[in-house]
Amino acid sequence: MTDMFRLDGKVAVVTGGGRGIGVMMARGLLEAGARVYLSSRKEAELDATVAELSALGPVEAIPADLGTAEGVETLTAALSDRENAVHALFNNAGANWGAPFDEFPEAAFDRVFNVNVKGVFLLTRALVPLLTAGATDTDPARVINTGSVDGFHTPERGRDNFSYSASKAAVHMLTKHLATELAPSIVVNAIAPGLFESRMTKVLLAPGADAVGKALPLGRIGAADDMAGIAVFLASRASSYITGAVIPVDGGVSTIR
């Protein structure tokens, strides 16, 4: 059974890999034996993360703005130059925007949907040749999208993230659509995180992680190992018969809202 979760010899790409959930995913993938490429807009942040994770295994950074077609082309070209196949693509890059309803800017929808939805579609499509090259009859290639529990339910009033919650609901549906389109050589699933420590959840966790976590069914917010575990599972042979799933990793939040 242990071998089913190993990723030795596999190549994984993690977008939004410079911080937060992307780093948690990358750490787990490296510890399971994968070679990992990290991508995001901020080169200095990526370099710092590569320096932090390099002791765990082979990890490289490719800076790119994945909310643009040009950024998708940059990452695709760099990966094609370095690898003959990609076995797992984690579409984790994300953008958020908060503003009151009456003041919510049009630009917020453009930026958030460009990164969270359009970028997922364009990068997945661009990497299909490399993903197909990494697939076998018994172990398909993987696309894993980062959704959100905010894509399942209406956020509380005052959580003015209109474009973000709508974009994550779109990611969930796009995941199911891509799963049918790309089967059987590529399986496509989504992770819907709840509260994990990151720059995006800083305001929500302002009262303190312990205090906020006590209100959740499992009594705590997510830990790095929780995200690493689901990432390794969905990239490994253990999940070969799962596609089109949106899996909450939220401490039970989605069961009470």
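With an unreviewed UniProt entry as reference, the protein is termed SDR family oxidoreductase, source organism Mycobacterium deserti. UniProt's Sequence similarities (unreviewed entry) comment on the protein is quoted here verbatim: "Belongs to the short-chain dehydrogenases/reductases (SDR) family."

Asks: Honestly, the environment of Gly57 in this entry has me stumped. Any pointers?
Replies: Counting through the fold element by element, Gly57 comes out in the loop between helix H2 (43-53) and strand E3 (59-61). Residue Gly57 is classed as buried on the basis of its relative accessible area of 19%. A sequence separation of 55 residues divides Gly57 from Thr2, and the C-alpha atoms of the two residues are 19 Å apart.

Asks: How should I be thinking about unusual backbone geometry in this particular structure?
Replies: Leaving glycine aside, a negative phi is the common case for residues, and trans is the common case for peptide bonds. Pro184 follows Ala183 through a cis peptide bond whose omega is 5 degrees. As for its placement among the helices and strands, Pro184 is situated in the loop between helix H5 (162-182) and strand E6 (186-193).

Asks: How should I be thinking about the packing of aromatic side chains in this particular structure?
Replies: For any pair of aromatic rings, the description consists of the separation of the ring centres together with the inter-plane angle of the planes. Enumeration over the complete set of coordinates arrives at 5 aromatic pairs. Centre to centre, the rings of Phe104 and Phe109 are 5.4 Å apart; their planes meet at 70 degrees, and the pair counts as edge-to-face. On the accessibility criterion, Phe109 (34% relative accessible area) is partly exposed. Ring geometry for Phe104 against Phe162: centres 5.4 Å apart, planes inclined by 90 degrees, an arrangement best described as edge-to-face. Of the two residues, Phe104 sits in the loop between strand E4 (88-91) and helix H4 (106-134) while Phe162 sits in helix H5, which places them 58 residues apart along the sequence. For Phe104, a relative accessible area of 15% gives the class buried. For Phe162, a relative accessible area of 31% corresponds to the partly exposed category.

Asks: Looking at this structure, how should I read the sheet that holds strand E7 (residues 246-249)?
Replies: The strands that make up a sheet are held in pairs by hydrogen bonds between backbone atoms, and each pair lies either parallel or antiparallel. Overall, parallel pairing links the 7 strands, which are arranged E3-E2-E1-E4-E5-E6-E7 in an open sheet. The open sheet has two free edges, formed respectively by E3 and E7, since each of these has just one partner strand. Averaged over all pairs of adjacent strands, the angle between strand axes in this sheet comes to 20 degrees, irrespective of strand direction. With 5 bridges joining them, strand E1 (residues 11-15) and strand E2 (residues 35-39) adopt parallel strand pairing.

Asks: What should I look at first to understand helix H3 (residues 69-82) in this one?
Replies: Residues spaced three or four apart along an α-helix face the same direction, because each turn holds 3.6 residues. For H3, with 14 residues, the first-to-last C-alpha span of 20 Å sits near the 20 Å given by 1.5 Å per residue. Of all the positions in H3, only Gly71, Val72, Leu75, Thr76, Ala78 and Leu79 are classed as buried. Buried residues of H3 fall within an arc of 165 degrees about the axis and therefore sit on the same side. Those residues of H3 that are exposed and aimed more than 90 degrees away from the buried face are Glu70, Glu73 and Asp81. Residues of H3 that are buried sit in contact with E1, E2 and H4.

Asks: In this structure, what is going on with the pattern of salt bridges? I would like to understand it.
Replies: Oppositely charged side chains can form a pair if their charged atoms are brought close together. A full pass over the atoms with the stated rule returns 10 salt bridges. Glu60 is paired through a salt bridge with Arg82; the nearest N and O atoms lie 2.8 Å apart. Of this pair, Glu60 sits in strand E3 while Arg82 is found in helix H3, placing the two residues 22 residues apart along the sequence. Taking the relative accessible area as the measure of exposure, Glu60 reaches 23% and is therefore partly exposed. Judged by its relative accessible area of 40%, Arg82 falls in the partly exposed class. With a closest N to O distance of 2.8 Å, Arg220 and Asp226 form a salt bridge. Classification of Asp226 by relative accessible area gives partly exposed; the value is 28%. Each of Arg35, Glu60, Arg82 and Glu83 takes part in a single network of salt bridges with overlapping partners.

Cut-offs applied
Residues numbered from 1 in each chain as written. Predicted model: local features only at pLDDT ≥ 70, side-chain atom pairs only at ≥ 80, totals over all residues. Heavy atoms only, no water. UniProt positions renumbered as here; feature names shortened; annotations may be inferred. Helix = DSSP H or I, 4+ residues; strand = E, 2+ residues; numbered from the N terminus. Buried < 20%, exposed > 50% of the residue type's maximum accessible area, 1.4 Å probe, protein only. Phe/Tyr/Trp six-rings, centres within 6.5 Å; stacked < 30°, edge-to-face > 60°. Pairing = 2+ DSSP bridges. Axes fitted to C-alpha atoms, helices over the stretch in contact; angles between N-to-C directions. Expected span 1.5 Å × (residues − 1). Arc of directions from axis to C-beta. Contact = heavy atoms within 4.5 Å. Salt bridge = Lys/Arg side-chain N within 4 Å of Asp/Glu carboxyl O.

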